[in-house]
Amino acid sequence: MALKDPPVPVIPAPIWRNFKELQEWEELHKTRPEGDKHSALFESVTEGIHSFPGGFVVTTAADAFLNWARKSSVWPVTFGLACCAIEMMATFCSRFDVERLGMVPWASPRHSDLMIVSGTVTIKMAPMLLRIYDQMPDPKWAVSMGSCANSGGPFRHGYHVVKGVDRVIPVDVYVPGCPPPPESLLNGLLLLQDQISHFKQTGRKAPPNEKVD
Amino acid sequence: MHPEQARALLASTFGVEVAAGVPMVVSVAPDRWQQLAQYAKDTVGCRFFNFLTAVDWKEQGLEVVARVDNLDDNVALMLKTKLGPGVTTCASMTPVYRGANWMERECFDMFGIHFENHPDLRRILLEDTWEGHPLLKSYAVDTPHPPYR
Amino acid sequence: MLDVNKTTRVEMDWAGPERLQMNMGPQHPSAHGVFRAILGLQGETVVDVDAVIGYLHRCHEKLSETLTYAQYPSIASKTDYVAAMTSEFAYVMAAEAIGKFEVPRRAQYLRVIVAELQRVASHLLWLGTWCMDMGGALGGGATIFLYCIREREDVLDLFEALVGARLLYGFFQVGGTRYDIPDGWIETCRATIDRIDSRIDEYEQMLESNAFFIARTKGIGVVSRELALDVGISGPLLRGSGVNYDIRRNAPYSSYADFQFKVPVETAGDCFARYRVRMVEFREAISIVRQALDTLPAGPISSRPALKSVAQIRIPKGEAYARVEGPRGEVGSYIISDGSAKPYRMKWRGASFSNLAILPHIIPGHKVADVVAIMGSVDPVFGEVDR
């Protein structure tokens, strides 16, 4: 049976709203230039410290101090997407206080260390999520909260759902639940603090620790 | 406007069978769709626009369903129109009810129904560059979309 | 050293109308969720707003065609995730309407108790986040937020004792409810709502004696009665614009006809009117819970046998639209069933989707700061908007 072709709809052109200049600037700054890791001076100093007998004590102590400072003041960027955001807000409030751990929720990604992805990541939202993650300065961590962020959750088979936020950004801690109650999220954040205390910046890399890595 | 009175008026004006009940279902041909909406708003007094959606009946084509209410007299009307196999255009209800704006954009997004005289017909829930209309029965729920799924 | 006398000052004159397009992106501090508003500004005044939604489109309607009537209610709670009980209510009522299943009286009373407690919890979150948005997080705005969340935690404790979950429940089942109330729950419930009742008076007095609050909400975001009906907003937004309509009273469902309660209506149509409507709704919800607890009948909690397989519930061919007065407005579920264990088509009428459609009509003319106040008083939940 010959069906008539439906008329081609004339969709009005979207108005310029994609902020093209901002996107171009971000593309330019996406890749780090060569040799951007540590300055040559830093490398030579740490190598020099290691060449002395017992020099590793200095770098271990420095690492321990720096990691203690980093983990005691992890500022999450408020990135609530869906239902888990309500539980995240409850965790930030007075009953399950995270401020006692040093975590002050901060709206600007430029000043935060941690992104708690709470909620379903959809295909429309994924580029925005990546953009916010890119705007966070190093060192940064990401916690995937809830089953939607872990793997797509109950909506995994939907056509518009990303099967887990680790397809978009690298994740350090996964917190299961739908939604995870604040106690679970706190458990996850404490695990993250353990991970941070094993963060090695100076000196030689330690072998991976099965307990937290 | 009593529900029985409304039912009689609609049946006589549009020549269709209107079953009693809450809501009253009125099913007309697509060319009388806008006229029906105007009649429901002006004469029956249904000034509250509830929702507008569509159903994909596979071989029989698409059907657009809308619900409007008269809150003062407790009259609820379910307006339906079967577009027919292969037809994807329909008159827009936006000139009559402003609330139909977003609802029709969603129908366009999900079913591909093009509404004539709609002021701003573009996708609302999915991205502008999305291909396909998900709520059609021919679209699989777990359609892949690399690299995200 | 800077020599002040030698510096030059350049006067920037206002050369004419200056149109700026500003993006209030999907991630922003006002805690409403993923919503993008592209504001066209002329100076500080918003001239037009393009609301971009869909960042949380989780394919509810398509997924419901693949899930059975026993499986879907837990997913339905994720549409309006702040008021999950009323979300599940709509779906389950629609299924029961098609299948003409009787719900026992005890289950109906439990449903009403739980829906009204959920209304209290949802309005507490609304009040907290709205005041926080207007006051700024961490600055002065977090005061009411922390107080309201403290009360909300008490209500969530009640839900946890009843269902096992704090936020998203699978309490509703076609034919009744899934759980019955445990021992001691009624006393805890009464104590909690008494406490909340007294504290709401405190918050109300705190807010209404604050000149900034009054200045930021009176006369802002006025929705006329005509516009309200035409666009299809519902709930406190409709009642704040002078339309005396509440589904619980005008089209009672599930034993609401047994309870006495007032329906608040304000005619001003601004943010303050909507705030007043919700504050009265707090008291009325608490009074309904008290009445229901006093007259709770004994009996079974479900008219269907216990669920042993997911495809157990079969509903004959037919269609129905069931509506519930959620905290945000009319939450409805339009199900077309074809006789199998899964719906043929399920349309979710989200209250926030229709409520949000009012924004392009009322925001132009206000300042950017008012956008935040209006968004808060509209109280969208994006699970419902994007489904």
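Everything that follows concerns the structure shown earlier in this document.
A. Local environment of helix H5 (residues 142–162) of chain C. Here H5(C) spans 30 Å end to end across 21 residues, near enough to the 30 Å set by a 1.5 Å rise per residue. Taken from the residues just after H5(C), Gly164(C) is the one with a positive phi, measuring 110°.

B. Structural view of the sheet that holds strand S3 (residues 141–145) of chain A. Residue and element names in this part refer to chain A. Read across the open sheet, the 4 strands follow the order S1-S2-S3-S4; overall the sheet is parallel. In the strand order of this sheet, the two ends are held by strand S1 (76–77) and strand S4 (173–175), each with one partner. As paired elements, strand S2 (residues 114–118) and S3 share 5 bridges and run parallel to each other. Residue pairing in the sheet places Val117 in a bridge with Ser144 of S3.

C. A look at unusual backbone geometry. In this model, Cys178(A) is joined to Pro179(A) through a cis peptide bond whose omega is -10°. Tracing the backbone through its elements, the reader meets Pro179(A) in the loop between S4 and helix H7 (182–197). Phi angles above zero are rare outside glycine, and Asn74(B) is one such case at about 55°. With a phi angle near 60°, Cys59(C) is a residue other than glycine that sits in the positive phi range. Among the secondary structure elements, Cys59(C) is positioned in the loop between strand S3 (45–52) and helix H1 (60–64).

D. Structural view of the environment of Ala341(C). Residues and elements named next belong to chain C. For Ala341, the location among the structural elements is in the loop between strand S7 (329–337) and strand S8 (343–349). Separated by 26 residues in sequence, Ala341 and Ile315 place their C-alpha atoms 6.8 Å apart. Sequence-distant contacts of Ala341, defined by excluding residues within four places in its chain, comprise Thr68, Tyr69, Ala311, Ile313 and Arg314.

E. Spatial organisation of the environment of Arg239(C). Residue and element names in this part refer to chain C. Counting through the fold element by element, Arg239 comes out in helix H9 (residues 236–239). Classification of Arg239 by relative accessible area gives buried; the value is 1%. Contacts of Arg239, omitting those with residues within four sequence positions, involve Tyr245, Asp246, Val263, Pro264, Val265, Glu266, Val277, Glu281 and Glu325.

F. Examining the environment of Tyr256(C) more closely. All names here are of chain C. Turning to its location among the elements, Tyr256 is positioned in the loop between helix H10 (247–250) and helix H11 (271–294). The class for Tyr256 is buried, based on a relative accessible area of 1%. Separated by 145 residues in sequence, Tyr256 and Arg111 have C-alpha atoms that sit 10.0 Å apart. Apart from residues lying up to four places away in sequence, Tyr256 is in contact with Val112, Ala115, Glu116, Arg119, Arg248, Phe261 and Ile288.

G. Structural view of the packing of aromatic side chains. Summed over all chains, the structure comprises 28 aromatic pairs over all chains. Considering the side-chain rings of Tyr159(A) and Trp130(B), the 6.4 Å spacing of their centres and the 65° angle between planes classify their relative orientation as edge-to-face. Note that Tyr159(A) is positioned in the loop between helix H6 (146–151) and S4 and Trp130(B) in the segment after strand S6 (114–116), a pairing that runs across two chains. Tyr159(A) sits in the buried class, given a relative accessible area of 1%. Linked through ring pairs, Phe89(C), Phe171(C), Phe172(C), Tyr253(C), Tyr256(C) and Phe261(C) together constitute an aromatic cluster. Here the basic side chain of Arg278(C) rests over the ring of Trp126(C), its NZ or CZ set 4.7 Å away from the ring centre. The ring of Phe353(C) carries the charged tip of Arg387(C) above its face, separated from the ring centre by 4.8 Å.

What counts as what
- Residues numbered from 1 in each chain as written.
- Chains lettered and ligands numbered in written order.
- Predicted model: local features only at pLDDT ≥ 70, side-chain atom pairs only at ≥ 80, totals over all residues.
- Heavy atoms only, no water.
- Helix = DSSP H or I, 4+ residues; strand = E, 2+ residues; numbered from the N terminus.
- Expected span 1.5 Å × (residues − 1).
- Pairing = 2+ DSSP bridges.
- Contact = heavy atoms within 4.5 Å.
- Buried < 20%, exposed > 50% of the residue type's maximum accessible area, 1.4 Å probe, protein only.
- Phe/Tyr/Trp six-rings, centres within 6.5 Å; stacked < 30°, edge-to-face > 60°.
- Lys NZ or Arg CZ within 6 Å of the ring centre and 35° of its normal.

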